[in-house]
Amino acid sequence: MAFYSEKVMDHFANPRNIGEIKDADGIGEVGNPVCGDMMTFYIKVKDDKIEDVKFKTFGCAAAIAVSSMVSEMALGKTLKQVIDLTNADVAKALDGLPSNKMHCSNLGADALHKAIENYKTKQGK
Amino acid sequence: MNQIYLDNQSNTKLDERVFDAMKPFFLEYYGNPQSIYSLGSVSKDALETARRQVAALINADPKEIIFTSCGTESNNLAIKGIADALKAKGKHIIVSEIEHFSILNSVKRLQKEGFEVTYLSVDAKGNVSEKELKKHLRKDTILVSVQYTNPEVGTIQDIKELVLTVKNSHVNDFIVFHTDAVSACGVIPVDVKDLSVDALTVSASVMYGPKGVAALYIKKDVKISSQIEGGVQENSKRSGTENLPAVVGFGKTCEIAKEEITKNSEHIRALRDKLITELPKKIEYIYLNGAMGKNRLPGNVNFSIEFVEGEALFLLLDAKGIMAASGSACANKNLRISHVLEALHVDVAVGQGSILFTLSKFNTEEDIDYVLEEFPGIVKRLRDMSPLYSYFIKTGERKPAGQGTDYDGHDHCHCAT
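The rules we used
Residues numbered from 1 in each chain as written. Chains lettered and ligands numbered in written order. Predicted model: local features only at pLDDT ≥ 70, side-chain atom pairs only at ≥ 80, totals over all residues. Pairing = 2+ DSSP bridges. Helix = DSSP H or I, 4+ residues; strand = E, 2+ residues; numbered from the N terminus. Axes fitted to C-alpha atoms, helices over the stretch in contact; angles between N-to-C directions. Contact = placed C-beta atoms within 7 Å. Core = buried A, V, L, I, M, F, W, Y, C linked by C-beta atoms within 7 Å. Buried ≥ 20, exposed ≤ 12 C-beta atoms within 10 Å, placed from the backbone. Domains from an automatic or database assignment. Nonpolar A, V, L, I, M, F, W, Y, C, P; charged D, E, K, R; others polar. Right-handed = clockwise from strand over helix to strand, strands pointing away. Expected span 1.5 Å × (residues − 1). Bend = angle between axes of the 7 residues up to and from the residue.

1. Describing the sheet that holds strand 10 (residues 300-305) of chain B
Residue and element names in this part refer to chain B.
Right, so step 1: If you walk across this open sheet you meet the 3 strands as 9-10-12, and the pairing is antiparallel. The open sheet terminates on both sides in strands that have one partner only, identified here as strand 9 (286-288) and strand 12 (354-358). Each strand axis lies, on average, 25° off the axis of its neighbour in the sheet, ignoring direction.
Right, so step 2: In the sheet, strand 10 pairs with strand 12 via 5 bridges, with the strands oriented antiparallel. Its bridge partner lying in strand 12, S304 is registered against S354.
Right, so step 3: Across the face of the sheet, helix 9 (residues 244-282) comes into contact with strand 9, strand 10 and strand 12 while running at roughly 15° to strand 10.

2. A word on the nonpolar core
Right, so step 1: In terms of nonpolar packing, the biggest core is built from 169 residues, with A61 of chain A together with I58, C185, V202, Y217 and L313 of chain B touching the most fellow members.
Right, so step 2: No other element matches helix 9 of chain B, which puts 13 residues into this core.
Right, so step 3: Two domains each donate at least three residues to this core, and these are domain 1 (4-8 + 261-404) and domain 2 (16-257) of chain B.
Right, so step 4: Every residue in contact with C185 of chain B, bar those within four places of it in the chain, is listed here: L57, I58, V190, V202 and M207 of chain B.

3. Overview of the domain arrangement of chain B
Residue and element names in this part refer to chain B.
Right, so step 1: Each assigned domain of chain B is listed here: domain 1 (4-8 + 261-404) and domain 2 (16-257).
Right, so step 2: Summarising the inter-unit geometry, the C-alpha centres of domain 1 and domain 2 are found 30 Å apart.
Right, so step 3: On the side of domain 2, 21 residues touch domain 1, which itself brings 20 residues to the contact.
Right, so step 4: At the level of secondary structure, the elements contributing two or more residues to the side of domain 1 that touches domain 2 comprise helix 9, strand 10 and helix 11 (339-343).
Right, so step 5: Residues that form the side of domain 1 that touches domain 2 fall into these classes: 8 nonpolar, 11 polar and 1 charged.

4. Looking at the environment of G26 of chain A
Residue and element names in this part refer to chain A.
Right, so step 1: Within the secondary structure layout, G26 lies in strand 1 (residues 26-32).
Right, so step 2: Taking C-alpha positions, G26 is 5.1 Å from N118, a pair spaced 92 residues apart along the chain.
Right, so step 3: Setting aside its immediate chain neighbours within four residues, G26 contacts I43, V45, A115, I116, N118, Y119 and K122.

5. Some remarks on the pairing of strand 3 (residues 92-96) of chain B
Residues and elements named next belong to chain B.
Right, so step 1: Counted residue by residue, strand 3 has 5 buried out of 5 residues, so it is predominantly covered.
Right, so step 2: Pairing of strand 3 with strand 4 (residues 116-120) involves 5 bridges; the strand directions are parallel. Directly across from I94, in strand 4, lies its bridge partner T118.
Right, so step 3: Considered for its hand, the β-α-β crossover made up of strand 3, helix 5 (residues 101-112) and strand 4 is right-handed.

6. Some points on helix 9 of chain B
Right, so step 1: Across its 39 residues, helix 9 of chain B extends only 48 Å between first and last C-alpha, which sits more than 12% below the 57 Å expected from 1.5 Å per residue.
Right, so step 2: Most pronounced at E260 of chain B, the bend in helix 9 of chain B amounts to some 70°.

7. Focus on the sheet that holds strand 2 (residues 37-46) of chain A
Right, so step 1: Taken together, the 3 strands give an open sheet; going across it, the order is 1-2-3 (chain A), and neighbouring strands pair in antiparallel fashion. The outermost strands of the open sheet, each flanked by one partner alone, are strand 1 and strand 3 (49-58) of chain A. With direction set aside, neighbouring strand axes in the sheet form an average angle of 15°.
Right, so step 2: As paired strands, strand 1 of chain A and strand 2 of chain A are joined by 7 bridges and run antiparallel to one another. Opposite G31 of chain A, over in strand 2 of chain A, you have M38 of chain A as the bridge partner.
Right, so step 3: Sheet contacts for helix 2 (residues 61-74) of chain A: strand 2 and strand 3 of chain A; angle to strand 3 of chain A, the most-contacted strand, approximately 175°.
Right, so step 4: Of the strands in this sheet, strand 2 and strand 3 of chain A touch helix 14 (residues 387-395) of chain B, which is tilted by about 85° from strand 3 of chain A.

8. Notes on the environment of A319 of chain B
Right, so step 1: Examined against the element boundaries, A319 of chain B turns out to sit in helix 10 (residues 310-319).
Right, so step 2: In sequence terms A319 of chain B and Q3 of chain B are 316 residues apart; their C-alpha atoms lie 10.0 Å from each other.

9. Things to note about unusual backbone geometry
Right, so step 1: Here D95 of chain A, not a glycine, exhibits a phi torsion of approximately 60°, which is positive.
Right, so step 2: You can see D95 of chain A is positioned in the loop between helix 4 (87-93) and helix 5 (108-124).
Right, so step 3: The exposure class of D95 of chain A is exposed, given the 11 C-beta atoms found within 10 Å.
Right, so step 4: Not every positive phi belongs to a glycine, and E234 of chain B is a case in point at roughly 50°.

10. Focus on the pairing of strand 2 of chain A
Residue and element names in this part refer to chain A.
Right, so step 1: With respect to burial, strand 2 is a largely interior element, 8 of its 10 residues being buried.
Right, so step 2: Joining the antiparallel neighbours strand 1 and strand 2 is a turn of 4 residues, in which G36 adopts a positive phi near 100°.
Right, so step 3: With 9 bridges connecting them, strand 2 and strand 3 associate as antiparallel partners. Across the sheet, the residue bridging to T40 is K56, located in strand 3.
Right, so step 4: In sequence, strand 2 turns back onto strand 3 through a hairpin of 2 residues, with D47 there showing a positive phi of about 50°.

And the structure:
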């Protein structure tokens, strides 16, 4: 059996929603170059929904695939729906991740949650 | 699609001449070398021919060769067998930090059993200094094991000088010097008499031979305890029915290597130098890891590519038909950057982008040209999606590492829960 599922390899080889949003409403960053994974997510919010999402990721195939998958899952969803999204949901949507990648690379939902927090903080100002 | 295999430090393609030599020993000459009827005698002769061929490659006496199942077993036998044989004289062992896990985990086991282990640090090129070794030699030191060549960063160690350092120290007269020469044998000349080592590991599977066979050279009169108990095979130093087809293949491998080593190493070195010279012209912010020029294994190319991660690099290379390796944390099952890069003090964030190409005699200049054509685009693709790279382009500065700047912080930096 291949190390990664076909879905992981597809999202790794053809990642969706790569990029940055210049006037993003929220930015979330997780990971660390020293650990080998880092993700930065940018969101645009309209009517309490994720109107646009972009990301940049430094990391292994799993980290890139997770970022791509979570960006697809979040697009058009309400903030509440995205907040309810877990890293485990993302791994499941990718047909699973190798066990040693579950903790280190599976940070996409966390990054999005941080971007939403950042958006809410900005709104509160 | 092209299939270009550049991971020869992990395994090499079998030489067809070796395969041909092995074939009769599966179906035709299947006798046990220990049986004294005719079919056994054919096997016994083949076993001893192979022993002479392996011995000849490293300038040893055939009686000094013990066949084993792999390099890992040879290293286990060397470390545990020598330690056990000499434990009455002392319990101190010295190894380098960049040894293979079969050495490191063997001494770790011995540590639990009451032995003391000193780990020699290496410099930025991967060399152990004689001064450092001398400083740690003690009256109760029984064993020193330093790798001849490092398969990951290519450093060729000055083993001859290190052996002399031990001999000239006169701390005691029983220290055994072992060297793991798995990545050296068949690639550069290895002469146990010239090196003056007492024990040396050699394996078939990285020199165009079969898997499942290796050897330990152990100098006459050097004591070693067997680690596998059983019958009289290998002079009772390593019991178990001989894997004869593989042993015959190993012999043939060594015979070919002895004849072709100069030709092959010149060919491989030229390809290596092309990659080492040309890649930095096509890719910015890349750094060669390990030794340079003559002090580097002919087939070894190891670069750190800044702002990208190694596993992503080699998977995209794989998609282009190029097979390579990486010492990044993500490429390691234990999620740490390779212990070799760490020992060379490679910046941990930069080392995540390590890519390792190890060449063989089967590689051609077209292979290298193809890598030079494809690899820069792969690096660009990953940099275009790297937040570290965009930060660097915008600010001219490296993004400072946040939480978890060491491995103890690894869990904190990764696990949000």
